[in-house]
Number of protein chains: 4
Amino acid sequence: MPTIKTTPEAILRSSWSLFHERGYKNTSLQQLADAAGLGKAGLLHHFGSKAGLMHAVIEYGIEWYRTRVLSIARGEGTIAERLTAILERQFQLVQLNDGGGCFFANMILETGDGAFAEGLVHFYKEWNTTVTTLLAEKFPAEEAKERAYRIFVDYEGSVMLFKLYKDTSHLTRFVSRTIAGLETPLNF
Amino acid sequence: MPTIKTTPEAILRSSWSLFHERGYKNTSLQQLADAAGLGKAGLLHHFGSKAGLMHAVIEYGIEWYRTRVLSIARGEGTIAERLTAILERQFQLVQLNDGGGCFFANMILETGDGAFAEGLVHFYKEWNTTVTTLLAEKFPAEEAKERAYRIFVDYEGSVMLFKLYKDTSHLTRFVSRTIAGLETPLNF
Amino acid sequence: MPTIKTTPEAILRSSWSLFHERGYKNTSLQQLADAAGLGKAGLLHHFGSKAGLMHAVIEYGIEWYRTRVLSIARGEGTIAERLTAILERQFQLVQLNDGGGCFFANMILETGDGAFAEGLVHFYKEWNTTVTTLLAEKFPAEEAKERAYRIFVDYEGSVMLFKLYKDTSHLTRFVSRTIAGLETPLNF
Amino acid sequence: MPTIKTTPEAILRSSWSLFHERGYKNTSLQQLADAAGLGKAGLLHHFGSKAGLMHAVIEYGIEWYRTRVLSIARGEGTIAERLTAILERQFQLVQLNDGGGCFFANMILETGDGAFAEGLVHFYKEWNTTVTTLLAEKFPAEEAKERAYRIFVDYEGSVMLFKLYKDTSHLTRFVSRTIAGLETPLNF
DNA sequence: TATGAATGAGCATTCATTCAT
DNA sequence: TATGAATGAATGCTCATTCAT
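Every value quoted in this text rests on a predicted model; they were computed, and no experiment measured them.

Details of the interface of chain C and chain D
Contact with chain C, which involves 35 residues of that partner, is made by 35 residues of chain D. Counting each side, the surface lost to burial between chain C and chain D is near 3200 Å², with a carbon and sulfur contribution of 66%. Where chain C packs against chain D, one counts two salt bridges. Taken together, the connections running from chain C to chain D amount to eight residue pairs in polar contact (both at pLDDT 80 or more). Residues of the side of chain C that touches chain D, tallied by class, amount to 15 nonpolar, nine polar and eleven charged.

Put into structure tokens, the structure is as follows:
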């Protein structure tokens with residue numbers, strides 16, 4: 001077994017951070033390599049190409065969300081408590097990296113050519129399924145699905161304004177109206 | 001009177017289109033110049049730098065919105081009619097340039113360093129003021145402001161999903177629930 | 001009219017020399033640019049790519065042969081005199097650039113993928129046509145064609161041995177037997 | 001006794017093939033290693049360096065020629081029969097590897113710096129000695145030597161044209177005139 | 001107003017090679 | 001004997017920008 005100086009996970013973590021903060025195109029392999037603590041060639045040895053690294057980072061990010069954020073949905077507490085916990089956990093990510101906003105939303109809007117579309121869709125589907133399941137404890141299936149959809153849309157729009165103004169009130173207002181909305185009938 | 005080959009406005013129009021479709025960083029001066037029908041040096045002669053061109057494009061975009069989209073608010077018809085007209089006019093832009101989404105949202109999320117934040121804030125403020133004024137015909141001032149805010153957030157989130165899936169149903173569903181929402185009490 | 005520091009012809013001349021001496025793959029843009037007296041980006045500004053430069057160099061080499069070597073065929077003197085003059089003029093090129101051999105033969109054998117095959121075929125055809133025409137002054141058309149073909153084959157084989165041994169006797173022996181061969185019947 | 005996955009000879013065979021097809025500079029250690037079925041480091045473990053591998057390949061190629069091609073000279077049949085057999089055996093090699101031509105000629109013309117000159121000279125000397133000996137059965141020593149020399153030169157020139165045009169008629173015409181030439185007096 | 005030449009920094013990627021295991 | 005990790009230099013090429021004309 002050869003010497004491993006830098007674990008792949010550490011590379012993914014630092015790369016995620018950089019992509020989040022600076023965007024895909026605007027982050028160079030040099031910066032990625034410096035942050036990971038090895039040379040450019042070493043990075044490519046592990047991931048083949050910058051795009052390959054990005055794919056791995058997206059998968060890593062999805063896994064991170066799954067185990068650290070979305071898992072809350074299957075925990076204890078009322079629906080409102082669990083939903084609040086999920087959203088606030090997400091806000092920690094959103095505020096990281098110089099207020100970088102939502103990593104996945106950034107990537108969706110930047111990489112319009114669709115090179116990473118599959119991975120990004122995967123993220124959305126997992127998020128949506130989890131929250132829909134959570135809301136289905138209280139609402140009929142169809143309504144739960146629509147509510148989860150609207151929360152997601154509201155969330156991404158709010159994060160965009162947070163990123164523009166660097167003002168967290170856009171995030172807290174979002175949580176307030178989301179939780180309050182649970183007690184309001186939905187017209188659809 | 002010498003021949004005018006390329007008017008500044010034509011340059012701004014083609015540049016807007018390119019920035020919209022490909023993003024700021026991912027669009028090169030070469031591409032911008034080709035699209036505008038003059039040399040790179042000619043472009044820079046007019047706008048000083050790529051960033052200078054971008055600033056001008058943002059101003060041009062705001063002006064475009066003002067005269068072509070937001071002006072509808074001060075036209076004739078019911079509130080619902082005028083709001084629908086505004087949103088559908090925006091969708092034309094959103095679907096342009098290979099389904100490029102919202103130019104302003106793209107720029108907000110891509111150019112995280114804030115170099116163009118001022119112009120982008122300017123766009124949001126103008127949009128928000130106009131729609132707030134429109135809704136104030138029917139709702140109290142504070143409620144009108146909150147409703148305009150929520151529509152904007154919902155709009156940007158929906159556009160993001162449209163861009164991810166290249167599916168216009170995300171846009172039509174947004175209009176439906178926005179118009180329907182005008183008849184529903186707002187809890188805030 | 002902008003300032004021209006380096007004429008395209010000067011670039012082609014220095015590049016030809018380098019490709020001749022070191023081969024296509026083994027010559028870097030850096031070396032080419034240094035030899036031409038401008039930066040890598042300046043080189044590419046003129047020729048688009050390394051392959052584009054190579055194409056231009058091949059055309060330049062063909063033109064050089066046409067005006068400086070093959071033109072002798074339409075000059076004065078006996079057939080033997082003109083043929084000798086042509087071959088000896090070629091030897092000057094062959095011995096240039098550290099005994100680099102025949103530029104065209106080198107490129108044919110190195111760039112086997114056929115990227116430059118068209119230009120190289122062009123060279124051979126022009127050479128062949130010229131020498132065939134020269135020999136047709138003395139021999140029937142078909143025989144002239146066959147003799148030109150054999151001279152070319154013999155020439156390239158001889159140059160290869162010259163390059164291997166760095167010994168010009170391979171070239172002088174080739175001229176001797178070629179000229180002597182003009183007085184010998186051809187069996188074919 | 002441990003399992004032998006890759007014999008050195010198998011490595012040399014696959015490497016020969018690659019160098020033949022793609023040239024020395026244009027073949028990477030990665031490709032060599034992939035073709036040989038082991039890692040880059042494994043290859044270097046056996047041969048020290050890429051150049052070391054090349055030296056071994058040249059020796060292997062010479063040995064191959066000796067036992068598989070030139071040995072025919074000491075077999076049975078008329079001189080013309082044996083010479084034809086040798087040349088046609090060579091053509092099989094020439095047409096291998098995507099019509100790669102003569103491996104040794106390619107290397108002579110590509111590696112102009114002379115790093116492998118010794119090995120390549122070795123090949124030529126062995127070929128020349130063998131064919132000279134064969135022809136000495138019919139011609140005086142000096143004439144046999146000259147005839148062998150001319151056949152070699154003619155051969156390499158013909159292979160070059162074959163490689164340029166991917167047309168085997170250049171090879172068959174060469175054999176025809178070589179065999180016919182055995183019955184024609186030589187002027188030298 | 002607009003050009004084409006030129007630049008220097010930076011890009012992602014490939015290279016042969018080293019080394020601990 | 002053979003591996004995978006890692007490296008540093010070099011590759012062809014693109015970038016925004018400058019400048020004389």
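A word on the UniProt feature "DNA-binding region" (unreviewed entry) in chain A
As recorded in UniProt, the sites labelled "DNA-binding region" (unreviewed entry) are residues 28-47 of chain A. As annotated, residues 28-47 of chain A has a helix share of 80% and a strand share of 0%, and its two end C-alpha atoms lie 15 Å apart.

Comments concerning the interface of chain B and chain A
Counting from both sides, the interface comprises 35 residues of chain B and, opposite them, 35 residues of chain A. Overall, the association of chain B and chain A removes approximately 3200 Å² of surface from exposure, summing both partners, and the carbon and sulfur fraction of that is 66%. Where chain B meets chain A, there are two salt bridges. The salt bridge involving Arg173(A) is made with Glu146(B); its shortest N-O contact spans 2.8 Å.

Remarks on the environment of His46(B)
Residues and elements named next belong to chain B. Considering the arrangement of structural elements, one finds histidine 46 in helix H3 (residues 40-47). Considering only alpha carbons, one finds histidine 46 and phenylalanine 152, 106 residues apart in sequence, at a separation of 34 Å. The residues touching histidine 46, leaving out its near neighbours within four places in the chain, are Ile11 and Leu38.

Re the environment of Asn97(C)
Residues and elements named next belong to chain C. With respect to the helices and strands, asparagine 97 occurs in helix H5 (residues 79-99). Considering only alpha carbons, one finds asparagine 97 and valine 153, 56 residues apart in sequence, at a separation of 22 Å. In this structure asparagine 97 touches Ser17, His20 and Glu21, once residues within four positions along its chain are discounted.

A word on the side chain of Gln90(C)
Residue and element names in this part refer to chain C. Within the secondary structure, glutamine 90 is located in helix H5. Judged by its relative accessible area of 0%, glutamine 90 falls in the buried class. Not counting residues up to four positions away in its chain, the partners in contact with glutamine 90 are Tyr65, Val69, Trp127 and Tyr155.

A look at the nonpolar core
Ranked by size, the top nonpolar core spans 128 residues in total, and within it Leu135(A) and Leu135(B) carry the most contacts. Excluding residues that lie within four positions of it along the chain, Leu135(B) makes contacts with Ile79(B), Leu83(B), Ala144(B), Arg147(B), Ala148(B), Ile151(B) and Leu182(B). Residues Leu18(C), Leu12(D), Leu93(D) and Ala144(D) belong to the second largest nonpolar core, which totals 127 residues.

Definitions and cut-offs
- Residues numbered from 1 in each chain as written.
- Chains lettered and ligands numbered in written order.
- Predicted model: local features only at pLDDT ≥ 70, side-chain atom pairs only at ≥ 80, totals over all residues.
- Heavy atoms only, no water.
- Contact = heavy atoms within 4.5 Å.
- Buried area = accessible area lost by both parts, 1.4 Å probe.
- Salt bridge = Lys/Arg side-chain N within 4 Å of Asp/Glu carboxyl O.
- Polar contact = N/O pair within 3.5 Å; in protein donor to acceptor, adjacent residues only side chain to side chain.
- Nonpolar A, V, L, I, M, F, W, Y, C, P; charged D, E, K, R; others polar.
- UniProt positions renumbered as here; feature names shortened; annotations may be inferred.
- Helix = DSSP H or I, 4+ residues; strand = E, 2+ residues; numbered from the N terminus.
- Buried < 20%, exposed > 50% of the residue type's maximum accessible area, 1.4 Å probe, protein only.
- Core = buried A, V, L, I, M, F, W, Y, C linked by side-chain atoms within 4.5 Å.

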